[in-house]
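# Descriptive analysis of the structure
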Amino acid sequence: MEIQIDMYQTLALSVVVLMLGQFLKQKINFLEKFCIPSPVVGGLIFSVLTCILYSTGVVEFTFDDTLREVCMVFFFTSVGFQANLKVLKSGGKALAIFLGLVIALIFMQNLLAVGVSHLIGLDSLVGLCTGSIPMVGGHGTAGAFGPVLEDFNVQGATTICTAAATFGLVAGSLIGGPIGKRLIEKKHLLDTIVTEDDSLLIEEEKKHERHSNMYAAAVFQLILAVGLGTIISELLTKTGLTFPIYIGAMIVAAIVRNVGEYSGKFDIYMGEINNLGGICLSLFLGIAMITLKLWQLAELALPLMILLGAQLLLIFLYTYFVVFRVMGKDYDAAVLAAGTCGFGMGATPNAMANMQVLCDRYAPSVKAYLLVPLIGSLFADFINSLVITLFINII
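Residues numbered from 1 in each chain as written. Predicted model: local features only at pLDDT ≥ 70, side-chain atom pairs only at ≥ 80, totals over all residues. Heavy atoms only, no water.

### As for the layout of surface pockets
Considering only enclosed or pocket space, the second largest pocket measures out at about 350 Å³ in volume. Every residue lining the second largest pocket is counted, 20 residues in all, and those nearest its centre are F63, D65, T291, L292 and K293. At the level of secondary structure, the elements contributing two or more residues to the lining of the second largest pocket comprise α3 (38–55), β2 (60–63), α9 (157–186) and α13 (270–290). Here the lining of the second largest pocket gets 4 residues from one element, more than from any other, and that element is β2. (1 Å grid on protein atoms, 1.4 Å probe; cavity = no way out; pocket = protein on both sides within 12 Å on 5 of 7 lines; lining within 4 Å. Points joined across faces, edges and corners; volume = space filled by probe spheres on them. Helix = DSSP H or I, 4+ residues; strand = E, 2+ residues; numbered from the N terminus.)

### Quick word on the packing of helix α4 (residues 66–81) against helix α11 (residues 215–237)
Two elements in contact, α4 and α11, have axes separated by 10 Å at closest approach and are oriented at 100°. As summarised for this structure, α4 and α11 are arranged roughly perpendicular, according to the angle between their axes. In contact with V73, F74, T77, S78 and F81 of α4, α11 contributes Q221, L222, I223, A225 and V226. (Axes fitted to C-alpha atoms, helices over the stretch in contact; angles between N-to-C directions. Parallel < 35°, antiparallel > 145°, perpendicular 65-115°, else oblique. Contact = heavy atoms within 4.5 Å.)

### Section: the environment of L308
Among the secondary structure elements, L308 is positioned in helix α14 (residues 301–326). As a C-alpha pair, L308 and G127 span 181 residues in sequence and 9.7 Å in three-dimensional space. Beyond its immediate sequence surroundings of up to four residues, L308 is in contact with T130, M135, A164 and F167.

### Topic: the packing of aromatic side chains
Inspection of every chain in the model, using the stated rule, returns 10 aromatic pairs. With a centroid separation of 5.7 Å and an interplanar angle of 25°, the aromatic rings of F316 and Y320 are classed as stacked. Of this pair, F316 and Y320 both sit in helix α14, 4 residues apart, which is roughly one turn of the helix. Assessed through its relative accessible area of 33%, F316 is described here as partly exposed. Between Y320 and F321 the ring centres are 4.9 Å apart and the planes differ by 65°, which places this aromatic pair in the edge-to-face class. Residue classification places Y320 among the buried residues on the basis of a relative accessible area of 7%. Looking at F321, the relative accessible area reads 40%, which means it is partly exposed. Every member of this aromatic cluster is reached through a ring pair, and the members are F75, F76, F145 and Y246. (Phe/Tyr/Trp six-rings, centres within 6.5 Å; stacked < 30°, edge-to-face > 60°. Buried < 20%, exposed > 50% of the residue type's maximum accessible area, 1.4 Å probe, protein only.)

### A few points about the packing of α9 against α14
How two helices sit against one another is set out by the angle between their axes and by the gap between those axes. At a minimum axis separation of 10 Å, α9 and α14 run at an interaxial angle of 30°. Considering their axes alone, α9 and α14 lie roughly parallel with respect to each other. Judged by the sense of rotation from one axis to the other, the crossing of α9 with α14 is right-handed. The segment α9 lies against α14, with I160, A164, F167, A171, I175, I179, R182, L183 and K186 engaging L304, L308, L312, I315, F316, T319, Y320 and F324. A class-by-class count of the residues in the contact of α9 with α14 yields 14 nonpolar, 1 polar and 2 charged. (Left-handed = near helix turned anticlockwise from the far one by under 90°. Nonpolar A, V, L, I, M, F, W, Y, C, P; charged D, E, K, R; others polar.)

### Brief notes about the pattern of salt bridges
A complete count under the given rule lists 5 salt bridges for this structure. Between E261 and R257 there is a salt bridge, with its nearest N and O atoms 3.1 Å apart. Here R257 and E261 lie together in helix α12 (residues 247–263), a separation of 4 residues that amounts to about one turn. Overall, R257 belongs to the buried group, its relative accessible area being 2%. Through salt bridges that share partners, K181, E185 and R361 make up one connected network. (Salt bridge = Lys/Arg side-chain N within 4 Å of Asp/Glu carboxyl O.)

### Description of the side chain of T130
The topology assignment puts T130 in the loop between α7 (124–128) and α8 (138–150). Owing to a relative accessible area of 0%, T130 belongs among the buried residues under this scheme. Here the side chain of T130 touches G127 through a polar contact of 2.7 Å, landing on its backbone oxygen. Those residues within four positions of T130 in sequence are excluded, and the remaining contacts are A113, M135, A164, L304, L307, L308 and Q311. (Polar contact = N/O pair within 3.5 Å; in protein donor to acceptor, adjacent residues only side chain to side chain.)

### A closer look at the confidence of the model for the protein
Mean pLDDT over the protein works out to 85, with 92% of the residues at or above the 70 mark. When pLDDT is averaged over each helix and strand of the protein, the minimum, 51, is found for helix α10 (residues 199–207) and the maximum, 94, for α14. (pLDDT = per-residue confidence, 0-100.)

### Topic: the environment of F391
Position of F391 among the secondary structure elements: in helix α17 (residues 366–394). Spatially, the C-alpha atom of F391 lies 8.9 Å from that of L111, the residues being 280 residues apart in sequence.

### Some points on α8
Between the first and last C-alpha of α8 there are 18 Å, a value that for 13 residues agrees with the 18 Å anticipated at 1.5 Å per step. At A144, α8 shows its strongest bend, of approximately 25°, with the proline P147 following within four residues. The element α8 is extensively covered by neighbouring structure, given that 12 of its 13 residues are classed as buried. (Expected span 1.5 Å × (residues − 1). Bend = angle between axes of the 7 residues up to and from the residue.)

Printed below as a string of structure tokens:
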């Protein structure tokens, strides 16, 4: 038997699994501790249920996921608005160096994914499903690029990317704190702690204040960026290369944000845009999760374990030996290494959780609290999308 769910029912169902996930996170400490998104928690339960029903021949659900793409585009447009070059400049040399390290990590994750997939006789595009798409990108980028890879005949790409992103969330949270703790205690880094000026953090926080009467203006800015972005996306497709549908909107949003910042002629309502982007991300993830076909993972279980194990080894070696050394080999560098584990395999909230554990135990790190959210939230997703697009077209 087949049951068809239209796009409105699909959207409503995504809210149901979101609410289920929120409820379970309140009851199960493990889920809250590792910052696993509510739509992923509820959606995974629903996906397991539909997988059982499908495998036993009871019923198969068919979803109209049209609104998934709409929510995805609006979320990534909000990400584009966060690409503030003035903030990058104000962060100074340390911010530029850390950004370079993150860009290098993105390339290494994809090169490792493609290389290991070749060694075990797997399609390179399947391997790419475990690269920076789910690692640095997390569930949002996984849900966005999964359908792109499926267009290249990678069966179950969205499911693979989402499974890898879930693994990354947990693994990045598990190793971040221990790595930071080992560096701090083994190298006696408490002696390197210095008191820093936190004015940049306060200034950035003020820019992201929310005002209820500004949400309409924020929605209009998002819609305009999406509309203009379709023109940019159309022009990009004429190059013959493959780009995600939201790339034009991201570019327009970034341009508008920086024109507003440098000219001072108009305001960008970043606090409200961030909230709206978060709502769209939750709905997008909810729809992406309930439409997963978990039975497509069965034959890839062993290759996935090998590929994800390689990514885990990479993030450990890279943060412990490269990030820590390049960022100064001091207490701040150790906290940054722990934070990089968080968003390098999961998401910025995981990075913040990793750093919070260390800062609560030892001492605050203003430098780490400035760099990680700026790079992890403002620039990583934007750059990651461009790098992934490059790899897809090269492969």
